[in-house]
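Chain by chain, the residues run as shown.
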Amino acid sequence: MILWPVHRLIWSDPQRRARKLLEFAEVEASGGRDLVRAAELTNDPVLRQRYLVHARDEARHADMFQARGRQLRKETAGEGKEGLADWMAPGERGIDGLDLTRESDADLLAFLHLSESTAARDFARYARVVKGDPATRILFQRILADEDEHRAYTHDELRRVARRRSGRVLWWARLRRLWKAYLRFATAFAGVMAGLILTLQYFVLLPPFAVLARRNARKEKTGWVAVGEEKVR
Amino acid sequence: MNILGISGHYHDSAAALVIDGVPVAAVQEERLSRHKNDAGFPLAAIEWCLDHAGLSPDDLDAVIFYEKPTLKFDRVLTGMLQGWPGSWRGYPKAMKNMLGEKLWVRGLIASQLGISARKVRCIEHHQSHAAAAFLTAPTQEAAIITADGVGEWATFTVGTGHKRADGSTDIRILRELRFPHSLGLFYSAVTSYLGFTVNEGEYKVMGLASYGRPTWIEAMRKLLRPTGDGAFALDLRYFDFLGKVESGYSERFVALFGPPRKNWQPIDLKSPEGQRFADIAASAQALLEEVMVGIAARLRNETGISDLCLGGGVALNGVANARILREAGFDRLFVPSAPGDAGCALGAALYADRILFGQPHKPVPDHPYWGPQPDEAALLRIAQEDDIPAIVSGSAIEEVADALAVGKVVGWVDGALEYGPRALGHRSILAAPHDVAMRDRLNRDIKYREEFRPFAPVVAAEHADLFFELPPGGARLARFMSGVVPVRPEWRDRLAGITHVDGTARVQVLDREMEPRLHALLEAYGRRTEVPVLLNTSFNLAGEPIVNTVAEAYSTFRRCGIDLLVAGNVCVTKPRVVRAQILENVA
């Protein structure tokens, strides 16, 4: 509820909305590829089937988000700025950058379940704030139905695979997600800090060297450069 | 000696292992990590290479990285200084990139493998390309050209290579062009302008070029002009390699050619805008060919050598390659199966063996199959678990030929994975090449890609001249699908599925010795249709790397319109209900 005005602000601008939808398309497509990978790696035939169906849904969601995002872009004829800092992008996060070759079926299902729950909650919220854009609202609602189904099957399968351990696995997955969220935030924060320091360095330290470099550049001739003996073997 | 070659940290990481002068394993990281064009440190590829040979990192005598990070850093920093203050946006990103990991690659390799840093050496990027092209080619003496976006400083080199009777080898780079004057970056800027992803969509520009006419060639010449010494220089006012690293072109470029295509805009070739994009692609392609042919012809005259080895990303341009072979005066043109950065892993290892350590040259087996083998039994198990009809057939080739002849699409997994971007018969989707409907079906139901992109054929070597106008030396160029040649006019109707709009095809000419099973399939198909030619496209879906394991082949098979999946003698047929689901999904 606290973030309600932020969401309204983000989704009120059609160009920003288009960009967000196109970002979601990428996330869904990437999540779909991860699920395909999970299907390829699991030895459980039931999960293989489930993951393939789930991957197909994600691919379909990606197409739907992309179609709507492109439509909005066309309507607004806006180019928009590409990309946001990763930690600012809401929505589903695929399988959270997991190394699928090292995850057990239970751990993966727990991650998927939490991921789908988050996505369902986010999409429900977005569907509410895009009231002025019925096409986008319907899109979110349609996808939301799938996310609910995904949330349910991942929970059922987790209980089948992990049996009595399922609660513990889920809590462990929550902690790991929290840790990953912290890492994402820390990496983004460090990136911003490094960017600021390097930009400062660029304007404070580099100018004299830049003058020298440009002077040298003027002396450089174009065309072939004979290669010295050091490269002749 | 056991020498591991590594390429990575820019795009398309790979590892290759050379033991006693002969390659034993090479694989791109993307095929194992399943991230297309994976640029990360190729740990999985290294592990696979070592496991395959039964070695541990301690058994390695040397590990060779394919470029010199300090020289690269020098170029990046100098570029930023020269571009001051306009390069302020790119500077933090470039420095974080270089200082974060790339500059310390020797230490990184040593720590990842747990070996002494003394064993790790770096050679120059274009030396790796030159070695990958020359040392793998069955020739004793060749002129060498390497061309790509940029390595350390060099963007284009010319030289010669010799393998002598006493086993000694040399690669002599005579001269080079330096950043920012780069044919690869020129083409990449056009790729970006046309709305395709740089380092990924260049072949789309080549495909699109066939739909256009080079009406913008004079405008292109403003961007890239000849220098008095036979080279070329970019007019840097039209480019912005520092400020707009992702796109590479400047506002002046846009003023000259008009608004760029946005990546989400479909290309409608019937519209004036779509035609403008095709004409621009055709113009850039024509200019690239002109430059390559001119430099190659001068090198031919200068060296008097009749063979040419071509390396670097530009060597993936099959149209330009064929034109070089036809017009530059060389008898034979060798392009390795992996001429891009991935191939540098093998090039670096071979360079170290022959030149740094002075080992005698040994012929390198003339095939691209250096990766993991498929596990047929695993496919049978998976299919049975999923209740998908699967059989082990003693006559799989005949059955596949029957299926292809009635219009089925076949996923074909056979033998070790190819090294390089082309599917050369071990991880291929095969289909009948006769009509446009098949091409459209593949684009729509299987590859999910743009309609203007052509499909390649594979033909048995004995019959290649019947169907294709191969120039002298063309069969060699087509061995790894490296040249685009005309389809003979009288066959274009019967080969409509693989004939591009300009009447050409990027054909693979297959020797029986290189791939006997696919050759046998071509013969079997020829007996049924009188045309021993098949459509051969890479076994992957859009945005995914080519499949490696049978599990990956199976999941791809399940998700698209492939009718039959074959791995060795195991044949898996798609049940009608699954096919219906896929079609419904596509619709």
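Residues numbered from 1 in each chain as written. Chains lettered and ligands numbered in written order. Predicted model: local features only at pLDDT ≥ 70, side-chain atom pairs only at ≥ 80, totals over all residues.

Peer 1: Help me get a handle on the overall build of chain B, residues and values and all.
Peer 2: Looking only at helices and strands, one finds 21 helices and 24 strands in chain B. Along the three orthogonal principal directions, the C-alpha set of chain B runs to about 65 × 60 × 45 Å. Counted over contacts in chain B with a minimum sequence separation of 6, partners at least 24 positions apart contribute 73%. (Helix = DSSP H or I, 4+ residues; strand = E, 2+ residues; numbered from the N terminus. Contact = placed C-beta atoms within 7 Å.)

Peer 1: Talk me through the domain arrangement of chain B; I want residue IDs and the actual numbers.
Peer 2: Residues and elements named next belong to chain B. Its domain assignment divides chain B into domain 1 (2–135 + 341–356), domain 2 (183–332) and domain 3 (376–586). In this assembly, 16 residues from domain 2 lie in contact with 19 residues from domain 3. No other element matches the six residues that helix α12 (residues 318–327) contributes to the side of domain 2 that touches domain 3. Of the residues contributing to the side of domain 2 that touches domain 3, the split by class is eight nonpolar, four polar and four charged. (Domains from an automatic or database assignment. Nonpolar A, V, L, I, M, F, W, Y, C, P; charged D, E, K, R; others polar.)

Peer 1: For the nonpolar core, give the residues involved together with the corresponding values.
Peer 2: Counting residues in each nonpolar core, the largest one holds 200 residues, and the members touching the most others are A16, V27, C49, A345, A348, A349 and V459 of chain B. At 14 residues, the largest contribution of residues to this core is made by helix α11 (residues 272–303) of chain B. Apart from the residues within four sequence positions on either side, C49 of chain B is in contact with L4, A15, A16, L17, A25 and V27 of chain B. In terms of nonpolar packing, the next biggest core, distinct from the first, is built from 32 residues, A25, L47, Y51 and V169 of chain A among them. (Core = buried A, V, L, I, M, F, W, Y, C linked by C-beta atoms within 7 Å. Buried ≥ 20, exposed ≤ 12 C-beta atoms within 10 Å, placed from the backbone.)

Peer 1: Lay out the sheet that holds strand β5 (residues 120–122) of chain B with the relevant residues and their values.
Peer 2: All names here are of chain B. With mixed pairing, the five strands of this open sheet are ordered in space as β3-β2-β1-β4-β5. This sheet does not close on itself; its edge strands, each paired only once, are β3 (22–28) and β5. Taking each pair of neighbouring strands and ignoring which way they run, the sheet shows an average axis angle of 20 degrees. Here strand β1 (residues 2–7) runs beside strand β4 (residues 62–65); their pairing, made up of four bridges, is parallel. Among the inter-strand pairings, L4 is bridged to a residue of β4, identified as V63. (Pairing = 2+ DSSP bridges. Axes fitted to C-alpha atoms, helices over the stretch in contact; angles between N-to-C directions.)

Peer 1: Can you break down the interface of chain A and chain B residue by residue, with the values?
Peer 2: Between chain A and chain B, the contact holds 34 residues from the first and 36 residues from the second. No other element matches the eight residues that helix α3 (residues 45–76) of chain A contributes to the side of chain A that touches chain B. In the side of chain A that touches chain B, the residues fall into 18 nonpolar, five polar and eleven charged. Here two bridges tie strand β1 (residues 225–226) of chain A to strand β8 (residues 169–178) of chain B, and the two strands are oriented antiparallel to one another. When the bridges of β8 of chain B are listed, A226 of chain A appears paired with R175 of chain B.

Peer 1: Just give me the short version of unusual backbone geometry, but keep the residues and values in it.
Peer 2: Residue and element names in this part refer to chain B. For the bond running from W84 to P85, omega is 0 degrees, close enough to zero to count as cis. Relative to the assigned elements, P85 resides in the loop between α3 (69–82) and α4 (90–100). Looking along the chain, the bond that leaves F179 and enters P180 is cis, with omega of 10 degrees. As for its placement among the helices and strands, P180 is situated in the loop between β8 and α7 (183–193). The backbone phi angle of D12 is positive, close to 60 degrees, even though this residue is not glycine. Turning to its location among the elements, D12 is positioned in the loop between β1 and β2 (14–19). A count of 27 C-beta atoms within 10 Å places D12 in the buried class. Of note in the backbone geometry, D20 takes a positive phi value of approximately 50 degrees without being a glycine. Along the chain, D20 falls in the loop between β2 and β3.

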